[in-house]
Amino acid sequence: MLSIAELLQVPALRGVRVLAGDANSRFATSIRFVEDAQGLSTLPAESIAVLSKAVSADSQGYKLDINLRQAAGQGIAGLVLTGRSAPGPIAMTAAMLASRSGVVVLAAPEDLDVVELIVAAAAGIAGWADGELRRADEALTRLRTMEPQPVPGDTAEILRVGSEALDLDLTVRAPEAGDVFARILLDGQEVSTISARMPHGHRGAASRIVVSAIAAAMERSLSAAVHGPGIPIRTRSAVLGDILVADDANSARLADQARRLGVSVDGWHRALMLHLVKPKEPPSFDFLQTIGEAALRVVRAGPHEDYSAGASLATPGSQTPQSGASGWHLARWEDRIVLVEMWQRQPRLDVGRLGMAAGRDVLASMGAQFPQLRFRCGVGMAHQGVQGLRASVAEARVALGAPNRNNLVGYDAAGLKSMLLEWYGTDTARQAVRELLTPLEELGGERAETAITTLQAYLDEQGSLVRVAERLHLHRNAIVYRMQQIRKLLKVDLDDADQRLAVQLACRARLLR
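Report on the accompanying structure.

Conventions used here
- Residues numbered from 1 in each chain as written.
- Predicted model: local features only at pLDDT ≥ 70, side-chain atom pairs only at ≥ 80, totals over all residues.
- Heavy atoms only, no water.
- Helix = DSSP H or I, 4+ residues; strand = E, 2+ residues; numbered from the N terminus.
- Buried < 20%, exposed > 50% of the residue type's maximum accessible area, 1.4 Å probe, protein only.
- Contact = heavy atoms within 4.5 Å.
- Areas by Shrake-Rupley, 256 points an atom, 1.4 Å probe, with all protein chains shown as cover.
- Pairing = 2+ DSSP bridges.
- Axes fitted to C-alpha atoms, helices over the stretch in contact; angles between N-to-C directions.
- Parallel < 35°, antiparallel > 145°, perpendicular 65-115°, else oblique.
- Nonpolar A, V, L, I, M, F, W, Y, C, P; charged D, E, K, R; others polar.

## Structural notes on the overall build of the protein
- When its secondary structure is counted, the protein shows 18 helices and 14 strands.
- Here the protein holds 513 residues, and 47% of them are scored as buried.
- Counting only contacts in the protein whose residues sit at least 6 apart along the sequence, the fraction spanning at least 24 positions is 69%.
- Taken as a whole, the protein presents about 24,800 Å² of accessible surface, with 53% of it coming from carbon and sulfur.

Pasting the structure below:
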């Protein structure tokens, strides 16, 4: 955009002087003639108001201050006083007001015809607009010529090229007030937004066009990366999804169908379940399939190793699985994505650790590709056969249902924790925990955590105030006071064995980390 200082370099305008304000930092998009001071209230922002000789002669003392305030309220870039011979400095109050409001005060020489002034200024601004349109056209041309050369999914390269061509600092972030931005959609679902500070005037208008084109190019690249030849993937995905919900009568038929598609349902299986947390709107089937296929590519691109017992590790990044491995497959369970790794032979004991590593890779990649969405991942254990496949998926689902703030949760195979996870994974159990502990949860924040921790310790130590005090590093009297307050709040009888057990299980499930 053209600054007022640059506009004054037009030969016909070189006699125009700056009386107040910063002409280098104020930009103009149009020029207007003002025959009456009241006309200032009708002018567009970023315009330069050329005052008639009569209005200029009347703009003395406090009246100039009034005109400046009115111009500032409209967002006018500058006022040009005309018809004054060799104008001297304006009043200090007007100069200070011009500086604070950003309105540049200019004086045209008396011998410069007002019509010539307006025509010259309009031509200078129009020439700059043409330059901005040329810049936008060059940016669009660069975007067209780089497709389909970028690697599918390399949206960062498209963003870089578009930003350089437009000379804008475009980034992937939520828009702020005054930004130019465009949303990036994948299968109708918003996955991210590109934003930059909105330039003024003609450059701003050109920027809106090009930023939308950049977003469209990023959408095409992302779609090419997450789709591609997907018919075999979707066919296997549908069959595996049917197996997860089928009854025994249909399991055998579906297992045969899976075998014909190359899925080793008779081998060993370990499931990862990916869940989209609190989306703005329910995700469509196509969008979930797209997310699933993107996650599948992540795990398939990782180290391909033979995890079967007695096998040695393959070279990380190798492209061919070892003989014991059957690879990764995609399925769906309700509105959740399931990734299943399969082996022909029993996997090694450390396969659980490697499953957690795969979950971390998936979450990191999803976070990078879809920064405005939040995902959690549950990891099941390895089991054999069709029933083992179902068991691993169920474990991953139970892990996701655990009251855990971590985005990645593994299923614990042994001890009370796994039983609590499975119990807490049911809607009935979660509702029971909420109802039992609601009076303490309503304390909010740290007070709620302190009360529930104290209650759990009291129940674990079978009501021994001495042991609870030692465990929490508090004086016995402090425990007595806390428990008095907790008993008043809870709607249960802690002296009743059944109610006491229910509250103890609720505390343990609530505080699982």
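## Side note on the sheet that holds strand 4 (residues 78–81)
- Read from one edge to the other, the open sheet built from five strands follows the order 1-5-4-3-2, with strand pairing classed as mixed. Looking along the sheet, the strands with just one partner apiece sit at the ends: strand 1 (17–20) and strand 2 (30–34). The average angle at which neighbouring strand axes cross in this sheet is 30°, direction not considered.
- The pairing of strand 2 with strand 3 (residues 47–51) spans five bridges and is classified as parallel. Bridge pairing links Phe-33 to Val-50 in strand 3.

## A closer look at the pairing of strand 11 (residues 336–343)
- Burial analysis of strand 11 places eight of its eight residues in the buried class, the great majority of the element.
- Across seven bridges, strand 9 (residues 268–276) lies against strand 11 in antiparallel orientation. In the sheet register, Trp-268 faces strand 11, and the bridge partner there is Trp-343.

## Brief notes about the packing of helix 15 (residues 445–460) against helix 17 (residues 476–489)
- Closest axis-to-axis distance for the helix 15/helix 17 pair is 10 Å, and the angle between their directions is 105°. With respect to each other, helix 15 and helix 17 are oriented roughly perpendicular. Contacts between helix 15 and helix 17 involve Thr-450, Ala-451, Thr-454, Leu-455 and Tyr-458 from the first element and Arg-482, Met-483, Ile-486 and Arg-487 from the second.
- For the contact of helix 15 with helix 17, the class distribution of residues is five nonpolar, two polar and two charged.

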